[in-house]
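Here are the chains, one letter per residue:
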Amino acid sequence: MDKFVVYGGKPLSGKVRISGAKNAVLPIMAASLLAPGSYRIRNAPHLRDTFTMLEVLRATGVTGEIEDNVLELDTTNCNNPFAPYELVKQMRASFYVLGPLLARFGEARVSLPGGCAWGPRPVDLHIKGMRLLGAEIELDKGYVVAKAKKLKGTLINLDITSVGATGNVMMAAVLADGETVIENAAREPEIVQLARFLKKMGAEIEGEGTGTIRIRGVGSLSPVDVDVIPDRIEAATFLLAGAMIGEGVIVEGLDVDHLTLFLSKLREAGVNFEVKSKSEVVISRPERLRAVNITTAPYPGFPTDMQAQWMAAMSIADGSSVILEEVYKDRFTHVPELIRLGADIVLDNNVAIVRGVKELQGAQVMSTDIRASASLILAGLVARGRTDIYRIYHIERGYERIDEKLRAIGAEIIREEAEVI
Ligand code: UD1
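As the structure is a computational prediction, the values presented were derived from the model and not from experiment.

**Considerations on the overall build of the protein chain**
And step 1. If you tally the helices and strands in the protein chain, you get 14 helices and 24 strands.
And step 2. Rg of the C-alpha trace for the protein chain: 21 Å, near the compact-globule value of 22 Å for 421 residues, within the 12% margin.
And step 3. A principal-axis box enclosing the C-alpha atoms of the protein chain has dimensions of 65 × 45 × 40 Å.
And step 4. Here the protein chain, with 421 residues, has 57% of them falling under the buried criterion.
And step 5. Long-range contacts, defined as pairs at least 24 residues apart, comprise 73% of the intrachain contacts of the protein chain with a sequence gap of at least 6.
And step 6. For the protein chain, the exposed area adds up to about 16300 Å²; of that, 48% sits on carbon and sulfur atoms.
And step 7. Once the 49 positive and 54 negative side-chain charges of the protein chain are each reduced to a mean point, those two points are 2 Å apart.

In structure tokens form, the structure reads like this:
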């Protein structure tokens with residue numbers, strides 16, 4: 001197992017290019033199950049999660065390869081509407097195949113995801129949506145078994161705005177009889193991209209990007225090609241690296257329209273940046289970051305996927321900030337690790353109070369999930385001395401070649417084999 005060794009304090013400068021969005025490519029891959037044929041998905045990120053989804057698709061009979069960020073899928077011989085526990089437990093987003101498999105085959109057997117490092121993360125809303133569309137659902141030995149000769153359009157009000165449930169229900173409803181309305185739908189750019197991809201395949205969808213999505217079922221869909229949108233979380237992470245220790249970091253290939261709130265928070269924190277175009281931002285650190293509060297919320301709110309990294313930045317800010325986690329209330333496994341690096345953080349339920357310190361000091365730390373790992377890397381980049389970050393396999397799930405990208409802009413980050421830890 002590898003670890004990252006980071007020597008902190010090296011200013012960053014130069015260009016970094018943002019990859020395709022993990023949270024966009026995964027539902028698009030699942031949606032390819034809806035219509036037999038060949039798909040070309042460009043700008044697909046080389047991530048462990050992309051490969052896990054490819055394995056999930058292969059288990060259903062799909063063939064596919066990824067080369068140079070182009071993912072080719074052939075779903076013609078897909079004939080097994082089944083997603084095994086071994087894969088779904090590795091990545092919850094595998095559950096996305098439930099809707100498309102049910103819509104195409106009238107049945108599906110998909111493992112329940114189980115727990116995760118930060119809380120139970122239920123899928124009850126996905127199941128509620130499928131039931132309302134007319135599916136019979138049973139639980140059998142840890143698997144969701146769904147059956148429906150033909151799904152029927154209906155009104156589905158999601159009690160909580162859920163990205164996954166919105167995408168799953170949308171994929172199930174595109175081939176249903178009649179109209180489906182999803183209320184309290186997620187508005188994330190990745191859901192917008194999924195809707196546009198489905199529309200390109202022939203689906204009839206309106207209202208993506210708003211809280212109400214209308215889907216009129218069609219008889220069949222056809223395979224198409226697509227370019228995956230840039231990863232706004234990877235972009236925000238590199239912007240934050242620039243804000244913490246940048247001296248002219250050029251982040252390119254991003255979409256600033258997906259980062260409006262995040263950029264305004266950077267501005268509040270006193271960060272100097274220039275939006276050169278919709279896809280390029282140049283960023284440098286200020287004398288000292290100012291403390292800025294955040295509350296996570298569904299898009300267009302502050303992303304929960306940036307909470308851990310924001311906390312790393314606030315650890316060295318001038319003043320105290322309050323970080324309120326409203327999406328995943330237990331998502332704080334990075335807190336004890338940041339404290340090992342010298343951060344001053346007090347946690348009370350889903351509220352973290354961060355008192356900025358002048359300096360962090362390198363230490364051995366453990367990453368516990370994708371975004372927590374990114375937060376520890378950011379902290380390591382500014383800490384005095386050496387930081388060893390263990391269990392970096394988490395980061396490989398969601399950041400493409402993060403160490404290479406950071407080295408190219410001047411960071412001293414080395415991948416080494418870890419002593420057992
Ligand atoms: C997606 C993202 C993940 C991000 C999260 C929130 C993907 C592949 N992953 O995850 O990176 O952190 O959105 O932005 O896109 N909930 C229920 N019942 C359900 C489903 C969700 O109660 O059936 C709750 C969750 O516990 C959570 C909230 O709804 O409190 C939002 O979760 P959701 O948007 O579904 O997250 P994911 O789609 O799993």
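**Examining the layout of surface pockets**
Over the atoms rolls a probe the size of a water molecule, and in doing so it shows where empty space is left.
And step 1. By volume, the second largest pocket is sized at about 270 Å³.
And step 2. Contributing to the lining of the second largest pocket are 14 residues, with Met244, Arg285, Ile316, Lys358 and Val382 lying nearest its centre.
And step 3. Element by element, the count of residues in the lining of the second largest pocket is highest for helix α8 (residues 232-245), at three residues.

**A word on the pattern of salt bridges**
And step 1. Taken as a whole, this structure holds 38 salt bridges when the rule is applied.
And step 2. Where Glu190 meets Arg232, a salt bridge forms, and the shortest distance between an N and an O atom there is 2.8 Å. Residue Glu190 is found in helix α7 (residues 189-200), and its partner Arg232 is found in helix α8; the two are separated by 42 residues along the sequence. Comparing Glu190 with Arg232 shows no difference in burial state: the two are buried.
And step 3. The residue Lys278 makes a salt bridge to Asp257 at a minimum N-O spacing of 2.7 Å. Taken together, the residues span a long stretch of sequence, with Lys278 in the loop between β16 (272-277) and β17 (280-284) and Asp257 in the loop between β15 (246-252) and α9 (260-268) at a distance of 21 residues.
And step 4. Take Lys278: its relative accessible area is 45%, and that puts it in the partly exposed class.
And step 5. Judged by its relative accessible area of 44%, Asp257 is partly exposed.
And step 6. Salt bridges linked by common partners bring Asp2, Glu396, Asp403, Arg407 and Arg415 together as one network.

**Some details on the sheet that holds strand β24 (residues 412-417)**
And step 1. Strands sit in the order β22-β23-β1-β24 across an open sheet of four strands; the sheet is mixed. The strands lining the two open edges of the sheet, one partner per strand, are β22 (364-366) and β24. Averaged over all neighbouring strand pairs, the angle between strand axes comes to 25°, with direction disregarded.
And step 2. With four bridges connecting them, strand β1 (residues 2-7) and strand β23 (residues 386-390) associate as antiparallel partners. Residue pairing in the sheet places Val5 in a bridge with Asp388 of β23.
And step 3. On top of the sheet, helix α12 (residues 370-382) reaches β1, β22, β23 and β24; it is set at about 30° to β1, its chief contact.

Calculation notes
- Residues numbered from 1 in each chain as written.
- Predicted model: local features only at pLDDT ≥ 70, side-chain atom pairs only at ≥ 80, totals over all residues.
- Heavy atoms only, no water.
- Helix = DSSP H or I, 4+ residues; strand = E, 2+ residues; numbered from the N terminus.
- Rg over C-alpha atoms; globule rule 2.2 N^0.38 Å.
- Buried < 20%, exposed > 50% of the residue type's maximum accessible area, 1.4 Å probe, protein only.
- Contact = heavy atoms within 4.5 Å.
- Areas by Shrake-Rupley, 256 points an atom, 1.4 Å probe, with all protein chains shown as cover.
- Lys, Arg positive; Asp, Glu negative; His and termini not counted.
- Charge placed at Lys NZ, Arg CZ, Asp CG, Glu CD.
- 1 Å grid on protein atoms, 1.4 Å probe; cavity = no way out; pocket = protein on both sides within 12 Å on 5 of 7 lines; lining within 4 Å.
- Points joined across faces, edges and corners; volume = space filled by probe spheres on them.
- Salt bridge = Lys/Arg side-chain N within 4 Å of Asp/Glu carboxyl O.
- Pairing = 2+ DSSP bridges.
- Axes fitted to C-alpha atoms, helices over the stretch in contact; angles between N-to-C directions.

So, to be careful, I would describe these as geometric facts and stop short of saying anything about function.
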